[in-house]
Amino acid sequence: MGLDMYLFGTKNFSVFTRNSVKPPLEKTFEFTSLINNHGLENAPLDYDTPWSNYDVKFPIMYWRKSNQIHQWFVQNVQGGKDNCAEYSVSLDQLKLLSKTIEPALVSTAAASELLPTTEGFFFGSQEYDDYYFEDLKQTKQKIDSLIAYQTATENAQKCRWLNLKNHNGTMSTEEFNKKFPTLTKDVPFDDFIYWSSW
């Protein structure tokens, strides 16, 4: 019991292969594996709509009773509503969180002004102690890592699209890798979700 907080990255996937537009629709290997591995073979899912899709939530960060971080999300993402609902978080909001943490790490006075603690039902300490500052440091490190990942993958994706457009969509994987050997092969998240429970 107490304040538990989660940040997820989401990715949307198609149920059917790219060329499936008319019945019978061919399910992707990934979707079929997901359904089979989780005992959902007989679930009443939509197999009639060619553009059916699904989201996967990937765990990025977990906090326990970091009420100062929670309060920041409530004020800057949730519009002041502290209701344990899921909220979409933009990359710009994550950048703002990182920029807010940086000066707060300098002193207790800066921390209490920029990222004040808050009271709540088993929300943890309201002290500006080592645990408070350790939560800030870990959050900043993880968020900065996420920002770097998302920025690199978004840039790589734009580069891929531009190159495919310039080559009429016919550039082979080998040609692309030869032309862009340092380009990450990872893909960006579609969205980020913050959720808390208490």
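For the structure itself, look to the data block above.
Before going into details, it helps to say that this report is about the structure given with it. (Residues numbered from 1 in each chain as written. Predicted model: local features only at pLDDT ≥ 70, side-chain atom pairs only at ≥ 80, totals over all residues. Heavy atoms only, no water.)

Let's talk about the pattern of salt bridges
To keep it simple, the criterion reads: A pair is scored as a salt bridge if a Lys or Arg side-chain nitrogen falls within 4 Å of a carboxyl oxygen belonging to Asp or Glu. Each helix is a run of DSSP H or I of at least 4 residues and each strand a run of E of at least 2, with the numbering of both proceeding from the N terminus. Buried means the residue's accessible area, taken with a 1.4 Å probe over protein chains only, is under 20% of the maximum for its type, while exposed means over 50%, and partly exposed covers the values in between.
By the definition in use, this model includes five salt bridges. Between Lys-140 and Asp-144 there is a salt bridge whose closest N-O contact spans 2.8 Å. With a gap of four residues between them, Lys-140 and Asp-144 both fall in helix H5 (residues 130–166), about one helical turn apart. We classify Lys-140 as buried; its relative accessible area is 14%. By relative accessible area, Asp-144 is classed as partly exposed at 29%. Each of Glu-102, Lys-140 and Asp-144 takes part in salt bridges that share partners, so that together they form one network.

A word on the sheet that holds strand S2 (residues 53–64)
The pairing of strands in a sheet happens through backbone hydrogen bonds and is either parallel or antiparallel. The condition that has to hold: Only strands joined by at least two bridges in the DSSP assignment are considered to pair. In this analysis an axis means a line fitted to C-alpha atoms, helices contributing only their contacting stretch, and an angle means the value between N-to-C directions, from 0 to 180 degrees.
One open sheet accounts for four strands, arranged S2-S1-S4-S3; its pairing is antiparallel. The strands lining the two open edges of the sheet, one partner per strand, are S2 and strand S3 (87–89). Averaged over all adjacent pairs, the angle separating strand axes in this sheet is 35 degrees, with direction ignored. Pairing analysis gives 11 bridges linking strand S1 (residues 4–14) to S2, with the strands arranged antiparallel. Bridged to Phe-13 within S2 is Tyr-54.

Some remarks on H5
Stated precisely, the cut-off is as follows: One fewer than the residue count of a helix, multiplied by 1.5 Å, yields its expected span. N or O atoms within 3.5 Å of each other form a polar contact, as long as, within protein, one can give a hydrogen and the other can take it, and as long as residues adjacent in sequence are counted only when both atoms are side-chain atoms.
Between the first and last C-alpha of H5 there are 54 Å, a value that for 37 residues agrees with the 54 Å anticipated at 1.5 Å per step. Its side-chain oxygen placed 3.2 Å from the backbone nitrogen of Tyr-131, Asp-129 serves as the N-cap of H5.

Considerations on the layout of surface pockets
Regions of empty space are outlined by a rolling probe, equal in size to a water molecule, passed over the atoms. The condition is simple: Every definition here rests on a 1 Å grid over the protein atoms only: cavities are sets of points where a 1.4 Å probe fits but cannot get out, pockets are open sets enclosed by protein on both sides within 12 Å along at least five of seven lines, and lining residues have some atom within 4 Å of a point. Grid points are joined across faces, edges and corners, and a volume is the space filled by probe spheres set on the points. When residue character is reported, Ala, Val, Leu, Ile, Met, Phe, Trp, Tyr, Cys and Pro are called nonpolar, Asp, Glu, Lys and Arg charged, and the others, Gly included, polar.
The computed volume of the largest pocket comes to approximately 570 Å³. Lining of the largest pocket is provided by 16 residues; of these, Lys-11, Arg-18, Gln-157, Trp-161 and Val-187 occupy positions nearest its centre. Within the residue set of the lining of the largest pocket, elements represented by two or more residues are S1 and H5. By residue class, the composition of the lining of the largest pocket is six nonpolar, six polar and four charged. Here the second largest pocket defines a volume of roughly 200 Å³. Lining the second largest pocket are 11 residues, and of these Arg-160, Ser-172, Thr-173, Phe-176 and Asn-177 sit closest to its centre. Contributing elements (two or more residues each) for the lining of the second largest pocket: H5 and helix H6 (173–179). Counting residues per element, the lining of the second largest pocket draws most heavily on H6, which supplies three residues. Here the residues of the lining of the second largest pocket are counted per class, giving five nonpolar, four polar and two charged.

Structural notes on the packing of aromatic side chains
Condition: For this analysis, a ring pair means two rings from Phe, Tyr or Trp (six-membered ring only for Trp) whose centres lie within 6.5 Å, classed as stacked if their planes differ by under 30 degrees, edge-to-face if by over 60, and tilted for the remaining angles.
One pass over the full model with this rule turns up 15 aromatic pairs. When the ring of Phe-31 is compared with that of Tyr-47, the centres are 6.1 Å apart and the planes differ by 75 degrees; the resulting orientation is edge-to-face. Remark: Tyr-47 occurs in the loop between helix H1 (29–37) and S2 and Phe-31 occurs in helix H1; sequence separation between them is 16 residues. Here Phe-31 falls in the buried class, since its relative accessible area comes to 6%.

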